[in-house]
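Given next are the chains, with one letter for each unit.
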Amino acid sequence: GQLMFVSSASLAGYGMIMIFLIQVAAGNIYVLSAVILTVLMAGLAAGAAPGERLALKSLKVCVLILTGIFTLTGLLAPALSTSSAGPVLTFVFIALPLAGLVTGAVYRILASRQEGRLTGRVYSADMAGSALGYLTVSTLLVPLAGSANACFILAMFILLSGTVASVTIKE
C-alpha cells in the first residue's frame, strides 16, 4: 500500500498545484476547480480500467512517468505562473489526465496482485493518500515551498517510494 499511498497523495497534491497555477494565470475560477478534479478522477478511472492496453504494466515505468510529469511541471511552473490562461489550461488538460491515467494504472497493477486479495488495502491506501495529499500540499507544501518546489518534492516522494517498492515487490 505504500506506493499507492504515495502515488495518490502526490496526484492529489498535483491536482491542487494545477488549481493554484490556473488561479494565478486566470484568476479565481471556482467552476474550473471542479473541472480540474473531474479531469483528475477521469484519468484515474481510465488508467485503472484499460491501462494494460497502454503498456502500463510495470510499476517501475509508472513511477518514472509520474516522476517525469511532476518534474516537468516543476520546471515549467515559474513560466506557467506568469503566462496567460491559454497555455496554462492547455498544459493542465494534457498533464493532469496523463498523471491520473498513470496513477490509475498503479492502482490496477497493485490491486490485481495475489488474485485481488489486496484490493481493500490498496483502495484504503489510495483514499488515505489522496486525503493527505490534498491537505498537505494545499496547506503546507505550496505555501512554504512554492508551486515549483512542491512539484519537485512530490516527484522525489514518487521516485523514492517507487525505488523501495521495486526492491520489495516482485512483479
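Residues numbered from 1 in each chain as written. Predicted model: local features only at pLDDT ≥ 70, side-chain atom pairs only at ≥ 80, totals over all residues. Heavy atoms only, no water.

Concerning the side chain of Ser10
Moving on, step 1. Tracing the chain through its elements places Ser10 in helix α1 (residues 2-26).
Moving on, step 2. With near-sequence residues (within four places) excluded, Ser10 lies in contact with Phe70, Leu154, Phe157 and Ile158. (Helix = DSSP H or I, 4+ residues; strand = E, 2+ residues; numbered from the N terminus. Contact = heavy atoms within 4.5 Å.)

What about the environment of Ala155?
Moving on, step 1. Considering the arrangement of structural elements, one finds Ala155 in helix α6 (residues 147-168).
Moving on, step 2. Residue classification places Ala155 among the buried residues on the basis of a relative accessible area of 3%.
Moving on, step 3. Note: C-alpha distance between Ala155 and Ser10 (145 residues apart in sequence) is 7.8 Å. (Buried < 20%, exposed > 50% of the residue type's maximum accessible area, 1.4 Å probe, protein only.)

Here's the deal with the side chain of Thr67
Moving on, step 1. Note that Thr67 resides in helix α3 (residues 59-81).
Moving on, step 2. Beyond its immediate stretch of four places on either side in the chain, Thr67 contacts Ala155, Ile158 and Leu159.

Observations concerning empty space enclosed by the protein
The gaps of empty space that remain are located by a probe, the size of a water molecule, rolled over the atoms.
Moving on, step 1. Scanning the entire structure with this criterion turns up one cavity of 30 Å³ or more.
Moving on, step 2. Its boundaries defined by the atoms lining it, the largest cavity holds a volume of some 50 Å³.
Moving on, step 3. Taken together, Ser8, Leu11, Ala12, Leu40, Met41, Leu44, Thr103, Asp126, Ser130 and Tyr134 form the lining of the largest cavity.
Moving on, step 4. Secondary structure elements with two or more residues in the lining of the largest cavity: α1, α2 (30-48) and α5 (119-145).
Moving on, step 5. Taken together, the residues of the lining of the largest cavity break down into six nonpolar, three polar and one charged. (1 Å grid on protein atoms, 1.4 Å probe; cavity = no way out; pocket = protein on both sides within 12 Å on 5 of 7 lines; lining within 4 Å. Points joined across faces, edges and corners; volume = space filled by probe spheres on them. Nonpolar A, V, L, I, M, F, W, Y, C, P; charged D, E, K, R; others polar.)

Some points on a nonpolar patch on the surface
Moving on, step 1. Taken together, the side chains of Met156, Phe157 and Leu160 make up a nonpolar region of the molecular surface, amounting to roughly 300 Å² of accessible area.
Moving on, step 2. Tracing the chain through its elements places Leu160 in helix α6. (Patch = residues over 30% accessible without salt bridge, like charges linked within 9 Å, V, L, I, M, F, W, Y side chains within 5 Å. Areas by Shrake-Rupley, 256 points an atom, 1.4 Å probe, with all protein chains shown as cover. Salt bridge = Lys/Arg side-chain N within 4 Å of Asp/Glu carboxyl O.)

Considering the packing of α3 against α6
Moving on, step 1. Closest axis-to-axis distance for the α3/α6 pair is 7 Å, and the angle between their directions is 170 degrees. Taken as axis vectors, α3 and α6 run roughly antiparallel relative to one another. Crossing of α3 over α6 shows left-handed handedness. Residue-level contacts link Lys60, Val63, Leu64, Leu66, Thr67, Phe70, Thr71, Thr73, Gly74, Leu75, Ala77 and Pro78 of α3 to Ser147, Ala148, Cys151, Phe152, Leu154, Ala155, Ile158, Leu159, Gly162 and Ser166 of α6.
Moving on, step 2. Residues of the contact of α3 with α6, tallied by class, amount to 14 nonpolar, seven polar and one charged. (Axes fitted to C-alpha atoms, helices over the stretch in contact; angles between N-to-C directions. Parallel < 35°, antiparallel > 145°, perpendicular 65-115°, else oblique. Left-handed = near helix turned anticlockwise from the far one by under 90°.)

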